[in-house]
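Structure assessment
Here are the chains, one letter per residue:
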Amino acid sequence: MTMRRKTLYHTVTQQLRYQILSGEWPIGSKLPPERRLAEEWGVSRNTIVHAYADLEAEGLIFSKVGSGRYVQPLPPPSALQPLDWKDQLHGGANLTLPCLMTELHSLVGARSAINFAFGEGGNHTCLKSEFAKGIDPQKILETSEADYLFPVQGHLELRQWITEWMGCQQITSPSQVMITSGSQEALQMTTAILAQPGDSIAVEMPTYFGALHLFQSLGLHLIPIPVDQEGMRVDVLEGILSRSRPRFIYTVPTFHNPTGTTLSEARRSQLLALSDKHGIPIVEDDAYRHLHFDQEPPPPLKALDRGGNVIYINTFSKVLFPGLRLGFVAANRPFMERLMRYKELSISTNTFVQHALWSYLQKGSFEAHLDRARKVYQRQATVMEKHLRNLLPKGISYAMPTGGFYFWVSLPEQVSPQELLGRAIMQNVVFATGDMFLSRQTEQPYIRLCYSHETESGIEKGMQILSSLL
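Residues numbered from 1 in each chain as written. Predicted model: local features only at pLDDT ≥ 70, side-chain atom pairs only at ≥ 80, totals over all residues. Heavy atoms only, no water.

**Structural notes on the overall build of the protein chain**
We count it as follows: Numbering of helices and strands runs from the N terminus, with a helix taken as a DSSP run of H or I at least four residues long and a strand as a DSSP run of E at least two residues long. Relative accessibility decides the category of a residue: with a 1.4 Å probe and only protein chains considered, values under 20% of the type maximum give buried, values over 50% give exposed, and everything between is partly exposed. Per-residue and other accessible areas follow the Shrake-Rupley method at a 1.4 Å probe size, with only the shown protein chains counted as cover for residues.
Along the protein chain, the regular secondary structure elements total 17 helices and 15 strands. For the protein chain, the residues scored as buried account for 58% of the 470 residues in total. As displayed, the protein chain offers around 19,900 Å² of accessible surface, 51% of which is attributable to carbon and sulfur atoms.

Structure, rendered in structure tokens:
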């Protein structure tokens, strides 16, 4: 490990903090002894001693006399029983933290900015969907109940269409589906039902910042599970579950946000086996599944679910346009009954928009739109990758995505993501820095670049600017 002398202590502390927050050093694991770590990293023992002291003051690690230091305490091993989550459903919220979404919107500002920050399709893609073509608002109002409230579950025919579209033998009835105001409302209600303030949940790190902010706002303790090229490190999760019972496991298993990775089929089986063994539900956020490139991804966890432990969330906002704000939850009937009672607090999801979406789906042009969108996003990813490839000699690294919206880019050691963002904003380019996807702010050498929002010419222009700054 090579570090610059003048920032040595700072770099060591940040690296240790990142390894803890990302789950690379799992909660409850023993830290390397000071002398050994100093030798491995080529620094003085005193540097490690002071870095450990800082992390202990932050509450990230703790000491046991005569035993060493450990990453955040877990209960002592015991004969933990399965969670029986279906009999322990809750609700509630404690909204106290600042909004990362608002901060990201403030970075983008006017539409004139070259936007590599938002995980969404661009206007050029949404217009080609022909969503509004042939939809007559007056006719919808005259021939339907769009001027009134649906039952809280949503448009019946739309929910029936979703059950068929999912193609899961576990979801066979519209009673197992609820329409929501985007996937974020679906996740908020699901989380509030499954967990109470102070409870622990297992979360991939890094993870979608909207989920991160939601979980923190609800007062939950996050157990980070690291991600590698095959997705969530299920072996690390297994070690955690031997010591703790998180209320649920949150995962974006397909074209993960922000890393773009996809959970392998072997790990999907292992994850479901752990869920069944310990009685812990899995919340599957599958927003990017239908945005694959050449090859379809593995089946969703819900399609492999034998114990009814997977709560499936998806959205039309990613595959059509973000302002649509229609998502859905699909799960076992006991959970859906509780979700329906919770949804009554907001009465219903926009009934007119549900009718409009149903009218669009009936035209039969949705699959053709998806096929076009996949090709467009693949071309845009190729344009961005061309520029990233030229930056390899400067010390960046990345993996070529096979679907979704993102490149997760590791920067050269000497480049600060925050400083790079500041200079990019001065030239009207925005992106997301890696610290947005961790439970606490810490420097890490990553940025997330979204290739789906801009046109190919916009990507060319923006990447030329970024390349000049590196």
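**Topic: the pairing of strand β2 (residues 68–71)**
Selection criterion: Only strands that DSSP links by at least two bridges are regarded as paired with each other.
Bridge count for strand β1 (residues 61–64) against β2 is four bridges, and the pairing is antiparallel. When the sheet's bridge partners are listed, I61 is paired in β2 with V71. Turn length for the β1-β2 hairpin, with the two strands adjacent in sequence and antiparallel, is three residues, and the turn residue G66 shows positive phi of about 80°.

**A closer look at the sheet that holds strand β11 (residues 327–330)**
Reading across from one edge, β4-β11-β10-β9-β8-β5-β6-β7 is the order of the eight strands in this open sheet, with mixed pairing throughout. Either end of the sheet is taken by a strand with one partner, and the two such strands are β4 (177–180) and β7 (231–232). Strand direction decides the pairing type here: strand β9 (residues 282–285) and strand β10 (residues 310–315), joined by four bridges, are parallel. Bridge pairing in β10 links E284 to Y312.

**Examining helix α2 (residues 34–41)**
Quick note on the threshold: The arc under discussion is defined with respect to the helix axis, by the directions toward the C-beta atoms. Whether two residues are in contact is decided by their heavy atoms, any of which lying within 4.5 Å being enough.
The set of residues buried in α2 consists of E34, L37, A38 and W41. Each buried residue of α2 lies within a common arc of 105° when the element is viewed along its axis, so the set occupies one face. Within α2, the exposed residues directed more than 90 degrees away from the buried face are R35 and E39. Of the surrounding secondary structure, the elements contacted by the buried residues of α2 are α1 (8–21), α3 (45–57) and β2. Phi turns positive one or two residues past the end of α2, at G42, with a value near 70°.

**Quick word on the pattern of salt bridges**
Where we set the bar: One side-chain nitrogen of Lys or Arg within 4 Å of one carboxyl oxygen of Asp or Glu is enough to make a salt bridge.
Taken as a whole and judged by the stated rule, the model has 16 salt bridges. The salt bridge involving D286 is made with R289; its shortest N-O contact spans 2.6 Å. With respect to burial, D286 and R289 carry one shared label: buried. Note that E344 is salt-bridged to R341, the shortest N-O span being 3.5 Å. Through salt bridges with shared partners, a single ionic network connects E34, R45, E56 and R69.

**Here's the deal with the packing of helix α7 (residues 156–166) against helix α14 (residues 351–362)**
Which entries qualify depends on this criterion: Every angle, taken between N-to-C directions, lies between 0 and 180 degrees, and every axis is a line fitted to C-alpha atoms, over only the stretch in contact when it is a helix. For classification purposes, an angle smaller than 35 degrees is called roughly parallel, one larger than 145 roughly antiparallel, one from 65 to 115 roughly perpendicular, and anything else oblique. Two helices that cross are described as forming a left-handed crossing if the nearer one is turned anticlockwise from the farther one by less than a right angle, and a right-handed crossing if clockwise. Residues are sorted three ways: Asp, Glu, Lys and Arg are charged, Ala, Val, Leu, Ile, Met, Phe, Trp, Tyr, Cys and Pro are nonpolar, and all the rest, Gly among them, are polar.
Running from N to C, α7 and α14 cross one another at 50°; their axes reach a closest spacing of 9 Å. Put simply, α7 runs oblique to α14. At the point where α7 passes α14, the crossing takes the left-handed sense. Note on element contacts: α14 touches α7 through Q354, L357, W358 and L361, opposite E157, L158 and W161. Across the contact of α7 with α14, the residue classes tally to five nonpolar, one polar and one charged.

**Section: the nonpolar core**
In plain terms, the rule: We define the nonpolar core as a collection of buried residues of types Ala, Val, Leu, Ile, Met, Phe, Trp, Tyr and Cys that are connected through side-chain atoms lying within 4.5 Å of one another.
Formed by 133 residues in total, the largest nonpolar core has its most connected members in F116, F215, Y250, F316 and L449. With nine residues, helix α15 (residues 366–390) is the largest single contributor of residues to this core. If near-sequence neighbours (up to four positions away) are discounted, F316 is found in contact with W161, I162, W165, F321, L324, L326, G327, F328 and L357. Of all hydrophobic cores here, the second largest spans five residues; its members include F209, W408, A432 and F437.

**Side note on the side chain of H292**
Structurally, the position occupied by H292 is in the loop between β9 and α12 (301–304). Those residues in contact with H292, other than ones at most four positions away along the chain, are F255, P297, R374, T402 and G403.

**Notes on unusual backbone geometry**
Peptide bonds are, in most cases, trans, and in most cases residues other than glycine have a negative phi. Between M205 and P206 the backbone carries a cis peptide bond, its omega angle lying at 5°. Structurally, P206 is set in the loop between β5 (200–205) and α9 (209–217). Of the consecutive residues N257 and P258, the connecting peptide bond is found in the cis state with omega at 20°. Secondary-structure assignment places P258 in the loop between β8 (249–251) and α11 (265–278). Not every positive phi belongs to a glycine, and F255 is a case in point at roughly 55°. When you line up the elements, F255 lands in the loop between β8 and α11.

**Overview of the confidence of the model for the protein chain**
The condition is simple: Every residue carries a pLDDT, the predictor's confidence in it, which falls somewhere between 0 and 100.
Averaged over every residue, the pLDDT of the protein chain is 85; residues scoring 70 or more account for 86%. A low-confidence stretch, residues 1–6 stays under pLDDT 50, and its non-local contacts, those more than four residues away or across chains, total ten contacts. Note on residues 92–100: pLDDT under 50 across the span, and 17 contacts to partners over four residues away in sequence or across chains.

**Concerning the packing of aromatic side chains**
Aromatic ring pairs are defined here through the distance separating the ring centres and the angle between the ring planes. Here is the rule we go by: Classification of ring pairs uses Phe, Tyr and Trp, with its six-membered ring standing for Trp, and accepts pairs whose centres are within 6.5 Å; under 30 degrees between planes counts as stacked, over 60 as edge-to-face, and the remaining range as tilted.
Applying the stated criterion to the full structure yields 22 aromatic pairs. The interplanar angle of 70° and the centroid separation of 5.8 Å between the aromatic rings of W161 and F366 together place this pair among those described as edge-to-face. One end of the pair, W161, is in helix α7; the other, F366, is in helix α15, with 205 residues separating them in the sequence. Exposure class is identical for W161 and F366. Each is buried. Where Y288 meets F405, the ring centres are 5.4 Å apart and the plane angle is 80°; that geometry is what we call edge-to-face.

**Details of the sheet that holds strand β14 (residues 432–433)**
Consider a sheet: its strands pair through backbone hydrogen bonds, and that pairing is either parallel or antiparallel. Taken in spatial order, the three strands make up an open sheet running β12-β15-β14, and their pairing is antiparallel. Only two strands of the sheet have a single neighbouring strand rather than two, namely β12 (406–410) and β14. Alignment of β12 against strand β15 (residues 446–450), held across five bridges, turns out to be antiparallel. Bridge pairing in β15 links F407 to L449. Running at roughly 10° to β12, α15 makes contact with β12 and β15 of the sheet.

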